[in-house]
Amino acid sequence: MTQSVGKRPAEEMAQVKLNVKWGKETYSDVEVDISQSPLVFKSQLFALTGVPPDRQKVMIKGALLKDDDWGKAVPKDGMSIMLMGSAEVVPVEAPKNIPKFVEDLPESEQEHLETKRFGSGLHNLGNTCYMNSTIQCMFAVQPLREALYTKASGAGGDLTGRLVTATAELFKALETGGAPLPPYAFLMALRAKFPQFGQQVQGVYAQQDAEECWTNVMYAMREKVKDDDGSPVVDKLFGIRTRLSLKSDEATESFTEDGMSYTLKVNIEEKTAHVSEGVALALKEERERHSSALGHTVVFRGAMTLTSLPPYLTLQMMRFFFRRDNSQKAKILKKIPFSLEFDAFEFCSDELKKELEGPRAAHKEAQDREIEAKKLAKKGPGPSTAATAVPAPAAGSSGADIDMKDAGEASTSAPAGSSTSKKAMTGKYELVGVVTHKGRTADSGHYVAWVKQPSDGTWVCFDDDKLTIRTEEEVLQLSGGGDWHMAYLLLYRAIMVDVPAAAAPAAVTAEASDAAVQPIAAEAMETEGSVGA
C-alpha cells in the first residue's frame, strides 16, 4: 500500500511553528507539539524567557491559555501569540575563588611573588643580621618547627618561655611567605633573656656573633621544648654525643669523659686544607691534670670521638680569635673548602663505626643500582633492559626532612607497606644550610643565610629582607679566601637508608638524656693577624 503524495503523517501535523512576542522580545519559529498539554509549551516558554509557568499569561486568539487543555485556542502554524509575565530573578553568587592577576596585586606583593614559596625575609632592626640569618637556618629544620608549634604553648611566662613562644610565632609567620617581616617580638625576647644581645656602642646596637645567638636559642629551647618522653627535642635533633679519651705518657694514666655539644668545631691552621681536617684538629685535646701516681700535675693528651650522631649536624668554622695587640676579635680569612656532603665516619668511636657499617653498605648498594639504572635509561629500551633494570630504593633523605621518630630512635619504621625495614643512619650528611659572614672582624661585617629548599632542592640566599635564588656552585664558593661572604656555620642533614629491622643499629642517633650539655673543648687559635688565601 502506498501513501498519497502531499499528505503528511499525523505526528507531523501535530507540530506547528509559532511566533512568540514577550514585551520587546520576539521569538520566531518556536516549534510546538500541540498533541502535548499546554503546560509543556509553557515549559518551553520558561526556558526561552525565564518566566515561570505559574506567572505566564499566554493569549491565543484573544483567549487565555490554560495549563491542561488547549480548548478553542489551538494554535495554527505561523500564528503569533502574546506572552505576559515577569522573569524569575536568578540569584547570582560571587565566585568563591576569584582569580588574581599579578598586575592587580599591590606592588609589595608583586615584588616578592617569585620567592613567596620559600618563605619571607626579615627586616634588619639595627645590626640584627646575625639574628636573621640564624633564624632562617633554624626555620629550615622542619621537625624543629613542628615541635615548637605543639610544645611552645606550655613554655610559660618566664624569660625563657617568652623567647620560645616568640620563636614559634615567628616561624609560623615565616611560613606564610611573601613580604618581609619585622621580628620585633623575637628580638625583644632575645635581649630580655640574654642581655648581651642588647649591648650598645655610642647609642647604637652592636653587631653580635651568629653562633652565640644560635647556641643560646638552642639552650632556651632545650629547657622548654620537651618530647613526650620528657627529653629535650633539640638534643634529639642536634645533640652530638662524644667521649674524650686522654692519656699521660709520663704517668701511664688515662681517663675518659663523656659529653654532648650542638656543634662540631672546625679549627683552622696554616696547613688546614679542608673542613674535615679542621674537625680532626678540633677533636684533639691536651689538658693538664693531677696525677695520683706521681703526685703532681702532668700533661694528658688524646682526642674526642663521636659516640652517637644527630639527624642534623652543625659545623662551626673557628674563624674568629682574640688579638691581644688591639683587643679585638679578628677573623681568619683562609680558604677552607667544604662539600655538599659530609662524612662523619672517621670521627666516630669504634663501636659506632661497627654499627654504621651495615647501613653504609646498603647505602652504597642503593647508589650503585641508581647509577646502573641511569646508564640503562641513557641507552634506551632494549630486549634485555626489562630483565636487568632494578629499581633503586631510596638511599637517602635528600629533599625530605627527618621525622621526629627518626630523631629520637636509632631506627624507625620504613614507609607504609614495609614492616621489615627501618631507617638507619649512615654517617653521611647533605648540606642544607649555611650562615656566612662578610667582613674582617666579628664586631662588624654582615651575616647572611643560605638555605636549601626541601621541596625542590633550590638554594635561596636570605639577606635580611631580600631573597635571591642561588646555585650549588655559588654556595661552594663560600669557602673563604677574600672579603666575600664565607661560611661560618654549616648545617647538614643526615642521609638515612632502609635496612632490615633486625639489623638496624641501636645507638646511632642521639637519645634522650638528662646529662648536662658540655661543649666540645677546642683551643682557640691565637695568631697575630689574618691569614690570607
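Residues numbered from 1 in each chain as written. Predicted model: local features only at pLDDT ≥ 70, side-chain atom pairs only at ≥ 80, totals over all residues. Heavy atoms only, no water.

The protein is annotated in an unreviewed UniProt entry as Ubiquitin carboxyl-terminal hydrolase of Volvox africanus. Comment text from UniProt for the protein, heading Catalytic activity (unreviewed entry), reads "Thiol-dependent hydrolysis of ester, thioester, amide, peptide and isopeptide bonds formed by the C-terminal Gly of ubiquitin (a 76-residue protein attached to proteins as an intracellular targeting signal)." Comment text from UniProt for the protein, heading Function (unreviewed entry), reads "Recognizes and hydrolyzes the peptide bond at the C-terminal Gly of ubiquitin. Involved in the processing of poly-ubiquitin precursors as well as that of ubiquitinated proteins." (UniProt positions renumbered as here; feature names shortened; annotations may be inferred.)

S.K.: Quick rundown of the overall build of the protein? Include the residues and the values.
M.R.: Counting its regular elements, the protein contains 14 helices and 23 strands. Residues classed as buried in the protein amount to 44% of the 533 residues present. The contacts in the protein between residues at least 6 apart in sequence include a share of 69% that link residues at least 24 apart. Summed over its atoms, the accessible surface of the protein is roughly 27600 Å², and 51% of this surface lies on carbon and sulfur atoms. (Helix = DSSP H or I, 4+ residues; strand = E, 2+ residues; numbered from the N terminus. Buried < 20%, exposed > 50% of the residue type's maximum accessible area, 1.4 Å probe, protein only. Contact = heavy atoms within 4.5 Å. Areas by Shrake-Rupley, 256 points an atom, 1.4 Å probe, with all protein chains shown as cover.)

S.K.: Got a sec to walk through the packing of aromatic side chains? Specific residues and values, please.
M.R.: Under the defined criterion, the tally for this structure stands at 12 aromatic pairs. With 5.6 Å between their ring centres and 40 degrees between their planes, F342 and Y492 make a pair best called tilted. Remark: Y492 occurs in strand β23 (residues 486-500) and F342 occurs in strand β18 (residues 341-343); sequence separation between them is 150 residues. Take F342: its relative accessible area is 2%, and that puts it in the buried class. On the numbers, 6.2 Å between centres and 40 degrees between planes, the contact of Y447 with Y488 is tilted. One end of the pair, Y447, is in strand β20 (residues 446-452); the other, Y488, is in strand β23, with 41 residues separating them in the sequence. When sorted by exposure, Y447 lands in the same class as Y488, which is buried. Connected via pairs of aromatic rings, a cluster forms that spans Y130, F194 and F197. (Phe/Tyr/Trp six-rings, centres within 6.5 Å; stacked < 30°, edge-to-face > 60°.)

S.K.: Give a detailed account of the packing of helix α4 (residues 129-139) against helix α6 (residues 159-176), specifying residues and quantitative values.
M.R.: Following both chains from N to C, one finds α4 and α6 inclined at 75 degrees, their axes separated by 11 Å at the closest point. It follows that α4 is roughly perpendicular to α6 by the angle criterion. Across the interface between the two elements, I135, Q136, M138 and F139 from α4 touch L170, F171, L174 and E175 from α6. Each residue belonging to the contact of α4 with α6 can be placed in one class, and the counts come to six nonpolar, one polar and one charged. (Axes fitted to C-alpha atoms, helices over the stretch in contact; angles between N-to-C directions. Parallel < 35°, antiparallel > 145°, perpendicular 65-115°, else oblique. Nonpolar A, V, L, I, M, F, W, Y, C, P; charged D, E, K, R; others polar.)

S.K.: Describe in detail unusual backbone geometry, supporting the description with residues and values.
M.R.: Positive phi, close to 55 degrees, is recorded for D29, a residue that is not glycine. Residue D464 is not a glycine yet carries a positive backbone phi of 55 degrees. The topology assignment puts D464 in the loop between β21 (459-463) and β22 (466-470).

S.K.: Explain the pairing of strand β3 (residues 57-60) residue by residue, including any values.
M.R.: Burial of the side chains of β3 is restricted to one face: V58 and I60 are buried, whereas none of K57 and M59 on the reverse face is. Relative to strand β5 (residues 80-84), β3 runs antiparallel, the two sharing three bridges. Residue pairing in the sheet places M59 in a bridge with M82 of β5. In terms of strand pairing, β3 meets strand β4 (residues 63-64) through two bridges, oriented antiparallel. Residue pairing for β4: M59 is matched across the bridge by L64. (Pairing = 2+ DSSP bridges.)

S.K.: Describe the nonpolar core, listing the residues and the values that go with them.
M.R.: Ranked by size, the top nonpolar core spans 58 residues in total, and within it Y130, L144, F186, L190, M221 and F238 carry the most contacts. Beyond its immediate sequence surroundings of up to four residues, L144 is in contact with M138, M221, V234, L237 and F238. By size, the runner-up hydrophobic cluster in this structure holds 44 residues, among which are L264, V298, F342 and W459. (Core = buried A, V, L, I, M, F, W, Y, C linked by side-chain atoms within 4.5 Å.)

S.K.: For the packing of α4 against helix α8 (residues 210-224), give the residues involved together with the corresponding values.
M.R.: Two numbers describe how α4 lies on α8: the axes approach to 9 Å, and their chain directions differ by 50 degrees. The angle between the axes of α4 and α8 places the two elements in the oblique class. Considering how the two elements wind past one another, α4 and α8 form a crossing that is right-handed. When α4 is examined against α8, the residues Y130, M131, S133, T134, C137 and M138 are found in contact with a partner set consisting of A210, C213, W214, V217, M218 and M221. When grouped by side-chain class, the residues that make up the contact of α4 with α8 number 10 nonpolar, two polar and no charged. (Left-handed = near helix turned anticlockwise from the far one by under 90°.)

S.K.: I'd like a rundown of the pattern of salt bridges, residues and numbers included.
M.R.: For the coordinates displayed, the defined rule picks out 21 salt bridges. A salt bridge links E285 to R287, with the nearest nitrogen and oxygen atoms 2.8 Å apart. Put simply, D343 and R360 hold a salt bridge, and the shortest N to O gap is 2.8 Å. Of this pair, D343 sits in strand β18 while R360 sits in helix α11 (residues 350-379); the two residues are 17 residues apart in sequence, bridging distant segments of the chain. Overlapping salt bridges bring together E341, D343, R360 and K428 as one network. (Salt bridge = Lys/Arg side-chain N within 4 Å of Asp/Glu carboxyl O.)

S.K.: Lay out α4 in plain terms, naming residues and giving numbers.
M.R.: In terms of burial, α4 is a largely internal element, 11 of the 11 residues being buried. Within the span of α4, buried status applies to C129, Y130, M131, N132, S133, T134, I135, Q136, C137, M138 and F139.

S.K.: Would you mind going over the environment of E212 in detail, with residue names and values included?
M.R.: For E212, the location among the structural elements is in helix α8. Along the primary structure E212 and M131 are separated by 81 residues, whereas in three dimensions their C-alpha atoms are 9.7 Å apart.

S.K.: Break down the sheet that holds β5 for me, with residues and values.
M.R.: With mixed pairing, five strands are arranged side by side in an open sheet as β2-β1-β5-β3-β4. Each having just a single partner strand, β2 (25-33) and β4 make up the two edges of the open sheet. Bridge analysis of strand β1 (residues 15-22) against β2 gives seven bridges, and the strand direction is antiparallel. Counterpart to K17 in the pairing with β2 is E31.

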